[in-house]
Structure formats: C-alpha cells, structure tokens
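Next come the chains, spelled out residue by residue.
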Amino acid sequence: MSTAMNFSSKTFTPRPPDKGAFPLDHFGECSAFKERFMECLRHSGYESAACRQRAMAYLECRMDKQLMANEPLEKLGFKDLINEKSEEKPEK
C-alpha cells in the first residue's frame, strides 16, 4: 500500500530576487535615456567607460519610476561622477 503522507502544510510563496533583475520598462518611461546610452555606445566603439554619465542617468530614471529598487549611486559604481557633479555646483 502506497500512501503519500504530507505532514508539511507550508505553502511556497515566490519572491523576486534581491539584486540582478528588475521589471521591464513596458511603458517606455525610460526609453529616451536608454536610447541616448545606446547611441553613445555605438559612437564610442562600445566603450562603456565613455558613457557612464548616460548610464547613471538611465539608472536614475529607473529608480525614479520605481522600475528598480532605490540604491545609492555610490553603490552602483558612480561615486566619482557624483563628486564631479557636486564640484560643478556654484557655491552661494
């Protein structure tokens, strides 16, 4: 007699990954930023270091539109660009 006994009544609740995946931009809210970044890559021979400003703007757009979790830009590798921005601001 083969009887399957399941003593565990826990149900599995899937959850999204913490890092590495985020929702697609179905409504194209950040597509202009993405296109500027892709254009920069094409013009620079796919040298991503030359397009870091545009990559940062794209990620900022995604965070503003709730398409990815808010992260400090320093943690995303843009600390040097943030320092440049603050130096450019005139002091009053």
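Rules used in this analysis
Residues numbered from 1 in each chain as written. Predicted model: local features only at pLDDT ≥ 70, side-chain atom pairs only at ≥ 80, totals over all residues. Heavy atoms only, no water. Helix = DSSP H or I, 4+ residues; strand = E, 2+ residues; numbered from the N terminus. Contact = heavy atoms within 4.5 Å. Areas by Shrake-Rupley, 256 points an atom, 1.4 Å probe, with all protein chains shown as cover. Salt bridge = Lys/Arg side-chain N within 4 Å of Asp/Glu carboxyl O. Core = buried A, V, L, I, M, F, W, Y, C linked by side-chain atoms within 4.5 Å. Buried < 20%, exposed > 50% of the residue type's maximum accessible area, 1.4 Å probe, protein only.

The name given to the chain in an unreviewed UniProt entry is Cytochrome c oxidase assembly protein COX19, with Campylorhamphus procurvoides as the source organism.

Participant: Any chance you could break down the overall build of the chain for me, citing the residues and the numbers?
Facilitator: Looking only at helices and strands, the chain features three helices and zero strands. For the chain, the N- to C-terminal ordering of α and β elements is α-α-α. In the chain, the proportion of contacts linking residues at least 24 apart, taken out of those at least 6 apart, comes to 49%. Of the roughly 7900 Å² that the chain leaves accessible, carbon and sulfur atoms contribute 54%.

Participant: So, the pattern of salt bridges: which residues are in play, and what are the values?
Facilitator: Under the defined criterion, the tally for this structure stands at three salt bridges. Between Glu35 and Lys34 there is a salt bridge, with its nearest N and O atoms 3.8 Å apart. The shortest N-O distance in the salt bridge between Lys75 and Glu71 comes to 3.6 Å.

Participant: Tell me about the nonpolar core, and name the residues and values.
Facilitator: Cys30, Phe37, Cys51, Met56, Leu59, Leu73 and Phe78 are the most contacted members of the largest nonpolar core, which totals 16 residues. The greatest single-element share of this core, amounting to six residues, is contributed by helix α2 (residues 52-64). In this structure Leu59 touches Met68, Leu76 and Phe78, once residues within four positions along its chain are discounted.

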